Amino acid sequence: MTDAAELRRRTRALLDAHPPATTDRRDFLRARFDAGLAWVHYPQGLGGLGAPRSLQAVVDAELAAAGAPDNDPRRIGIGLGMAAPTILQYGTDEQRRRLLRPLWTGEEVWCQLFSEPGAGSDLAALGTRAVREGEDWIVNGQKVWTSSAHLARWAILIARTDPDVPKHRGITYFVCDMTDPGVEVRPLRQITGEAEFNEVFLTDVRIPDSRRLGAIGDGWRVAQTTLNNERVAIGGTPVPREGGMIGKVAATWRERPELRTHDLHQRLLGLWVEAEVARLTGVRLRQQLAAGQPGPEGAGMKLGFARLNQEISGLEVELLGEEGLLYDDWTLRRPELVDFAGRDAGYRYLRSKGNSIEGGTSEVLLNIVAERVLGLPAEPRTDKDVAWKDLAR
């Protein structure tokens, strides 16, 4: 059985064989994956050792103390937080072996082709079609709000394969090669001036059936694995006390006493306490994850994350007064990651508006918490047994 002492021994052996100071960064990450120290709770041969998830912190601490490189998780968050657990649960042995290693090392970036112009909050209404042709599927449709599509090699994709059944039952889940003919990525400029998101147009894109995850028509169930992990990845990221957005406002409060007012003080205190409660709730959620797959509780974390970010960034702008109205750069750029900490208050205020949309809108997540966490009666759904092709659109 792998325990903390054994993991420390394996980590030190990795460091001895591949000294971080003299080993190429990518080579070190590959060696770490092959040693089973990438995500220790994954199976042997897939970057893990089948150890408890909680022991990952032991490995991370040893590597950090040695100055070892990480895999830049903010840049590849969709792959790590959403694609990987779905591939692990539903992928074939061949798919796992091919996809997980370059995903974890960051050699291949992933994006998520879920939302559509007519299927955002009601994702199950999606209309992108996949039609079987021999051993391939021919895919046509449009996806939207796709982070990192301009950088991605692979995408997790859900498409409608049977329009004659109710909307939740006619969906299939695929892995799409973003370099294939027929995949077109267009920048989608947002309120920050950047094009962090994209529109993706799929025109006669040919996807081999070997890149299907799960059974035909079972894509909605597979997608729930992705979505549950996505909400944990967005709302449950570990942060230290006074980390994240609240830390930026608290630092300004301490450094700029001339900006203080009694009203702002009371609001800051209230938000500081809420941020600390959210942080501790995230710790508990990650402890629950160590015992199994994420459930609907992640929706509550993501809800709180979005609301707190928006309220805290609004307070920061008010605290700074006229300075808070400034914005550093409206140039159209296509960034590789979202950098809340490294930008100014204006950026944080504008970008946080997207937190209540991405990863499931707050309105949808409220329904999930009400029905699946609190056990309240579900809202009436008149389209539950109606074939997708007969739905009003």
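This structure is a prediction, so every number in the text was calculated from the model and none was measured. (Residues numbered from 1 in each chain as written. Predicted model: local features only at pLDDT ≥ 70, side-chain atom pairs only at ≥ 80, totals over all residues. Heavy atoms only, no water.)

**Some points on unusual backbone geometry**
Phi at Asp-72 takes a positive value of approximately 55°, unusual for a residue other than glycine. Structurally, Asp-72 can be placed in the loop between helix H3 (56–65) and helix H4 (77–90). Given a relative accessible area of 26%, Asp-72 falls into the partly exposed group. Positive phi values are uncommon outside glycine, yet Glu-242 reaches one of about 60°. Of note, Glu-242 is situated in the loop between helix H6 (219–235) and helix H7 (244–255). When its relative accessible area of 26% is taken as the criterion, Glu-242 is described as partly exposed. (Helix = DSSP H or I, 4+ residues; strand = E, 2+ residues; numbered from the N terminus. Buried < 20%, exposed > 50% of the residue type's maximum accessible area, 1.4 Å probe, protein only.)

**Describing the packing of aromatic side chains**
Here a ring pair, both rings aromatic, is described through the centre-centre distance and the interplanar angle of the planes. Within this structure, the stated rule accounts for 9 aromatic pairs. With a centroid separation of 6.5 Å and 70° between ring planes, the pair formed by Phe-33 and Trp-39 is classed as edge-to-face. Assigned by exposure class, Phe-33 and Trp-39 land together as buried. When the ring of Tyr-327 is compared with that of Trp-330, the centres are 4.4 Å apart and the planes differ by 45°; the resulting orientation is tilted. A residue is classified by how much of its surface remains accessible, and Tyr-327, at 15% relative accessible area, is buried. Classification of Trp-330 by relative accessible area gives partly exposed; the value is 47%. (Phe/Tyr/Trp six-rings, centres within 6.5 Å; stacked < 30°, edge-to-face > 60°.)

**A few points about the packing of helix H2 (residues 25–34) against helix H5 (residues 93–105)**
For the pair H2 and H5, the least separation of the axes is 9 Å and the interaxial angle reads 130°. As judged from the angle between their axes, H2 and H5 are oblique. Between H2 and H5 lies a crossing of right-handed hand. For the pair H2 and H5, the contacting residues are Arg-26, Leu-29, Arg-30, Arg-32, Phe-33 and Asp-34 in the first and Leu-100, Arg-101, Trp-104 and Thr-105 in the second. Residue composition of the contact of H2 with H5, by class: 4 nonpolar, 1 polar and 5 charged. (Axes fitted to C-alpha atoms, helices over the stretch in contact; angles between N-to-C directions. Parallel < 35°, antiparallel > 145°, perpendicular 65-115°, else oblique. Left-handed = near helix turned anticlockwise from the far one by under 90°. Contact = heavy atoms within 4.5 Å. Nonpolar A, V, L, I, M, F, W, Y, C, P; charged D, E, K, R; others polar.)

**Details of the pattern of salt bridges**
Within the structure shown, the criterion is met by 42 salt bridges. Between Asp-180 and Arg-211 there is a salt bridge; the shortest N-O distance is 3.7 Å. You can see Asp-180 sitting in the loop between strand S5 (171–177) and strand S6 (183–188) and its partner Arg-211 sitting in the loop between strand S7 (197–208) and strand S8 (212–213), a full 31 residues away along the chain. The buried category is assigned to Asp-180, whose relative accessible area is 18%. Of the charged contacts in the structure, one is a salt bridge between Glu-311 and Arg-307, with a shortest N-O distance of 3.2 Å. Of the two residues, Glu-311 and Arg-307 are both situated in helix H9 (residues 297–320); the distance of 4 residues between them amounts to about one turn of the helix. Under the relative-accessibility criterion, Glu-311 is labelled partly exposed at 35%. Judged by relative accessible area, which is 36%, Arg-307 ranks as partly exposed. (Salt bridge = Lys/Arg side-chain N within 4 Å of Asp/Glu carboxyl O.)

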